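Here are the chains, one letter per residue:
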Amino acid sequence: MTERSYNTLADLLSSKLVTNIEIVLEAALLPDVSDNEYQPYVLIDGNLGIPQKALYGAYMTACNSFNAFRRAGDVDALLRSTSVILLVNAAHYTALNARKRLVQRGQRDEADELSWTAMLLREQQASKSSLLWHHRRWLLSRLHGQPVGDTTARAVSDSVLPRLLAEQGDREVAMSAQACEQYPRNYFAWHHRQLSIRALSSTESETDSKMLLARELDAVQVWITQHVADHSAVHHAAEVLNLLQRHGGDEIAARKALDHAISLLEAVPNHESLWLLLRRLLLIVPPAVQVDFADRIAQLSIRDGSPKLHVDFTQEKISSLSPAWRAAYWRANIASVHE
């Protein structure tokens with residue numbers, strides 16, 4: 001039974017029939033399907049349901065045979081076994097490197113491997129694997145002009161992606177967004193999204209880049225409104241605004257971003273992630289924008305029960321400052337926190 005379960009799962013994961021994966025605690029939680037040829041798994045419209053017990057049995061079979069397949073150089077068997085291994089343990093360094101070597105030898109097509117990683121990253125636990133995201137970036141680098149010779153899973157720089165065509169870049173952003181939905185505060189998915197946005201903005205014209213970044217900023221602001229404790233999203237929002245300023249700036253977007261952060265803090269002042277967002281934005285937005293928001297920031301910093309924004313002035317002292325001096329004070333005050 002375990003051998004049959006392994007073969008069925010390995011066939012499914014190596015095929016192009018599966019688009020989404022969900023692991024459930026018990027087979028009884030899966031829908032009944034008459035004449036189910038994939039028993040004990042269920043496949044409906046590309047959605048694969050996997051009982052946990054059957055998965056772990058298949059995993060043990062895959063682990064026991066993996067080294068033998070690797071020594072024998074059996075490409076098909078190696079791809080099948082590593083598919084099962086990495087579904088359970090997406091951080092399995094040796095399994096990922098075995099697949100890399102197949103790609104480098106021309107025994108595995110990069111585009112097929114890229115599609116396979118997209119399928120795996122749609123599974124909740126796999127979506128938080130830093131090594132699996134690195135593996136995807138390694139493939140993108142090979143496909144889009146940055147060949148990497150090293151087979152190790154961390155061969156690709158953690159801070160760069162190759163220049164991506166719009167279609168591929170949009171696909172990377174969408175996949176990252178789905179991973180963020182599946183696993184709360186998914187740092188590695190947000191990081192991949194940020195790298196994708198950087199790569200996309202570097203390939204567009206100045207005008208198109210500003211439009212792209214403004215749309216991304218709008219999208220992440222909606223996310224932060226719904227997930228106020230997501231530090232990774234907050235970091236991403238600040239980085240996107242910083243990129244936007246580097247592309248010539250957008251005062252309307254800067255004002256909107258600062259107003260959004262202050263409005264959230266006025267409503268829910270006890271989330272440190274929102275204070276972090278405000279501090280980061282004050283380092284990025286132009287001084288003229290800071291001036292217009294100085295009064296609201298001053299009120300935030302002194303209200304009872306709120307974390308202080310590193311302010312020593314009394315309310316009367318702050319109110320007596322001119323807008324320009326207030327803006328300068330906020331900027332100097334926040335900068336000193338990060339020195």
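Sequence positions are assigned chain by chain, starting from 1 and proceeding in written order. In view of the model being predicted, local features appear only for residues whose pLDDT reaches at least 70, and side-chain atom pairs are presented and counted only at 80 or more, with totals across whole chains, interfaces and linings using the full set of residues. Each side-chain value is worked out from all heavy atoms of the structure, with water and hydrogens disregarded.

### Topic: a positive patch on the surface
We count it as follows: In this scheme, patches are assembled from residues that exceed 30% relative accessible area and form no salt bridge. Like charges are connected within 9 Å, while nonpolar side chains (Val, Leu, Ile, Met, Phe, Trp, Tyr) are connected within 5 Å. Surface accessibility in these figures is a Shrake-Rupley result with a 1.4 Å probe; residues are shielded only by whichever protein chains are displayed. Every case where a carboxyl oxygen of Asp or Glu lies within 4 Å of a side-chain nitrogen of Lys or Arg is listed as a salt bridge. Counting rule for charge: Lys and Arg are taken as positive, Asp and Glu as negative, and neither His nor the chain ends is counted. For charged residues, the charge sits on one atom: NZ in Lys, CZ in Arg, CG in Asp, CD in Glu. Numbered from the N terminus, helices here are DSSP runs of H or I no shorter than four residues, and strands are runs of E no shorter than two. With a 1.4 Å probe rolled over the protein chains alone, any residue whose accessible area is under 20% of its type maximum counts as buried; one over 50% counts as exposed, and the rest are partly exposed.
On the surface, a cluster of positive charge is contributed by Arg 70, Arg 71, Arg 101 and Arg 105. Tracing the chain through its elements places Arg 105 in the loop between helix H4 (93–104) and helix H5 (110–120). You can call Arg 105 exposed: its relative accessible area is 58%.

### Overview of the packing of helix H2 (residues 52–72) against helix H3 (residues 75–88)
Let me state the cut-off plainly: Geometry is summarised by axes, namely lines fitted to C-alpha atoms with helices restricted to the contacting stretch, and by angles between N-to-C directions that run from 0 to 180 degrees. Each angle receives one of four descriptions, namely roughly parallel if under 35 degrees, roughly antiparallel if over 145, roughly perpendicular if within 65 to 115, and oblique otherwise. For a crossing to be left-handed, the near helix must be turned anticlockwise from the far one by less than a right angle; the clockwise case is right-handed. Throughout, a residue-residue contact means that at least one pair of heavy atoms, one from each residue, lies within 4.5 Å. Basically, the charged four are Asp, Glu, Lys and Arg, the nonpolar ten are Ala, Val, Leu, Ile, Met, Phe, Trp, Tyr, Cys and Pro, and anything else, Gly included, counts as polar.
Here H2 crosses H3 at 135 degrees, and the two axes come no closer than 8 Å. Accordingly, the angle class assigned to the pair H2 and H3 is oblique. Here H2 and H3 pass one another in a crossing that is left-handed. Together, Leu 55, Tyr 56, Ala 58, Tyr 59, Ala 62, Cys 63, Ser 65, Phe 66, Phe 69 and Arg 70 of H2 and Ala 77, Leu 78, Ser 81, Thr 82, Val 84, Ile 85, Leu 87 and Val 88 of H3 make up the contact between the two elements. Considered class by class, the residues forming the contact of H2 with H3 number 14 nonpolar, three polar and one charged.

### Some thoughts on the pairing of strand E3 (residues 47–51)
Which entries qualify depends on this criterion: Each pair of strands is called paired provided DSSP finds at least two bridges between the two strands.
Within E3, four of the five residues are buried, which leaves the element mostly enclosed by the surrounding structure. Relative to E3, strand E1 (residues 20–24) runs parallel, the two being bridged by five bridges. Bridge assignment links Asn 20 to a residue of E3, and that residue is Asn 47. Counting the residues that bridge the hairpin from strand E2 (residues 42–44) to E3 gives two residues, and of these Asp 45 lies at a positive phi of roughly 50 degrees.

### Focus: the pattern of salt bridges
All told, the structure shown has 16 salt bridges when counted by the stated rule. Arg 136 is paired through a salt bridge with Glu 172; the nearest N and O atoms lie 2.8 Å apart. Residue Arg 136 is found in helix H6 (residues 130–143), and its partner Glu 172 is found in helix H7 (residues 166–182); the two are separated by 36 residues along the sequence. Each member of the pair, Arg 136 as well as Glu 172, carries the same accessibility label: buried. When salt bridges that share partners are traced, they join Arg 99, Arg 108 and Glu 113 into one network.

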